Amino acid sequence: MTSASAAAIAAVTFAALYAGHQIGDHVVQSNSTAVAKGVPDAEQLARGVSPWTGWRACLRHVAGYIGTQAAALALVCVAVPMELAGMVTALLVSAGTHAVIDRRWIVRRLIELKKCHDWAEGPYLIDQSLHVGAILVAAVLAVVVDDFGGVAAVAIGALALVGAALVIERRSATAQV
């Protein structure tokens, strides 16, 4: 594949993933899922709520989110030759990163580090910025990974990311209680 072809496919993949992101994150997701996926916060942890309480809602959201991104990629395939391995790679990266970002603890920590507690739009904008950055990584990897050995490696990485998030959440909860 020429570098121009690779760049074009990465750009189209990014556009499809971004469109799927917008629909999956803002249209498909229900209000109850949006509220539940980031639970618990520090106050709830202090009351004894399990640190993993919101994971079921988060994974339900990610399933719908990835479904919309897959549909967007399938639509693009009508006009652009995309490799199945690349599309699966992009969806795995998007799913893993989206789940971790939507648990909200990374956003809360960034707000603390930036000291921008009074920025009303901050949590949403930081969340969306992290998602867009992850979508860019997913689009680039969609072009780089061209076989199912690479897909397996990405799948292991995505699972490791979620596993690490679970460990961090558990340790953070233990430290706060």
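Up top is the structure.
Note that this is a predicted model, so its numbers are computed, not measured.

Chemist: Honestly, the nonpolar core in this entry has me stumped. Any pointers?
Modeler: For soluble globular proteins, the rule of thumb is that nonpolar side chains tend to be buried together. With 34 residues, the main nonpolar core has L17, W55, V62, I66, L73 and M82 as its most contacted residues. Taken together, the elements giving at least two residues each to this core come down to α1 (3-28), α4 (55-76), α5 (84-102), α7 (122-144) and α8 (148-176). Residue contacts for I66: discarding those within four places in its chain leaves L91, S94 and A95.

Chemist: Can you help me understand the packing of α5 against α7 in this one?
Modeler: A pair of packed helices is characterised by two quantities: the angle between their axes and the separation of those axes. Running from amino to carboxyl end, α5 crosses α7 at an angle of 160°, the nearest separation of the two axes being 8 Å. The angle between α5 and α7 falls in the class roughly antiparallel. The way α5 lies across α7 gives a crossing that is right-handed. Residues G86, T89, A90, V93, S94, T97, H98, I101 and D102 of α5 form the contact with α7, whose participating residues are D127, L130, H131, A134, V137, A138, L141 and A142. Residue composition of the contact of α5 with α7, grouped by class: 9 nonpolar, 6 polar and 2 charged.

Chemist: Just to check I follow, could you spell out the packing of α1 against α5 for this structure?
Modeler: Axis separation between α1 and α5 bottoms out at 12 Å; the angle between their running directions is 40°. Taken as axis vectors, α1 and α5 run oblique relative to one another. α5 is crossed by α1, and the crossing has right-handed handedness. Judged by residue contacts, T13, L17, H21 and D25 of α1 engage A90, L91, H98 and D102 from α5. Its residues assigned to classes, the contact of α1 with α5 shows 3 nonpolar, 3 polar and 2 charged.

Chemist: What's the story with the environment of Y124 in this structure? I'm lost.
Modeler: Mapping Y124 onto the fold places it in helix α7. Once the C-alpha coordinates of Y124 and A19 are considered, the two residues, 105 residues apart in sequence, prove to be 18 Å apart. One polar contact links Y124 to H26, side chain to side chain, over a distance of 2.8 Å.

Chemist: Looking at this model, I keep getting lost on the pattern of salt bridges. Mind explaining?
Modeler: Close approach of charged atoms allows side chains of opposite charge to pair. Taken as a whole, this structure holds 2 salt bridges when the rule is applied. With a closest N to O distance of 2.8 Å, D102 and K37 form a salt bridge. With D102 in helix α5 and K37 in the loop between α2 (31-36) and α3 (42-46), this residue pair connects regions lying 65 residues apart in the sequence. A relative accessible area of 1% means that D102 is categorised as buried. One salt bridge in this structure joins R103 and E169, with 2.7 Å as the shortest N-O distance. Pair noted here: R103 is in the loop between α5 and α6 (105-114) and E169 is in helix α8, with a separation of 66 residues, a long-range link. Residue R103 shares its accessibility class with E169, and that shared class is buried.

The rules behind these values
Residues numbered from 1 in each chain as written. Predicted model: local features only at pLDDT ≥ 70, side-chain atom pairs only at ≥ 80, totals over all residues. Heavy atoms only, no water. Core = buried A, V, L, I, M, F, W, Y, C linked by side-chain atoms within 4.5 Å. Buried < 20%, exposed > 50% of the residue type's maximum accessible area, 1.4 Å probe, protein only. Helix = DSSP H or I, 4+ residues; strand = E, 2+ residues; numbered from the N terminus. Contact = heavy atoms within 4.5 Å. Axes fitted to C-alpha atoms, helices over the stretch in contact; angles between N-to-C directions. Parallel < 35°, antiparallel > 145°, perpendicular 65-115°, else oblique. Left-handed = near helix turned anticlockwise from the far one by under 90°. Nonpolar A, V, L, I, M, F, W, Y, C, P; charged D, E, K, R; others polar. Polar contact = N/O pair within 3.5 Å; in protein donor to acceptor, adjacent residues only side chain to side chain. Salt bridge = Lys/Arg side-chain N within 4 Å of Asp/Glu carboxyl O.

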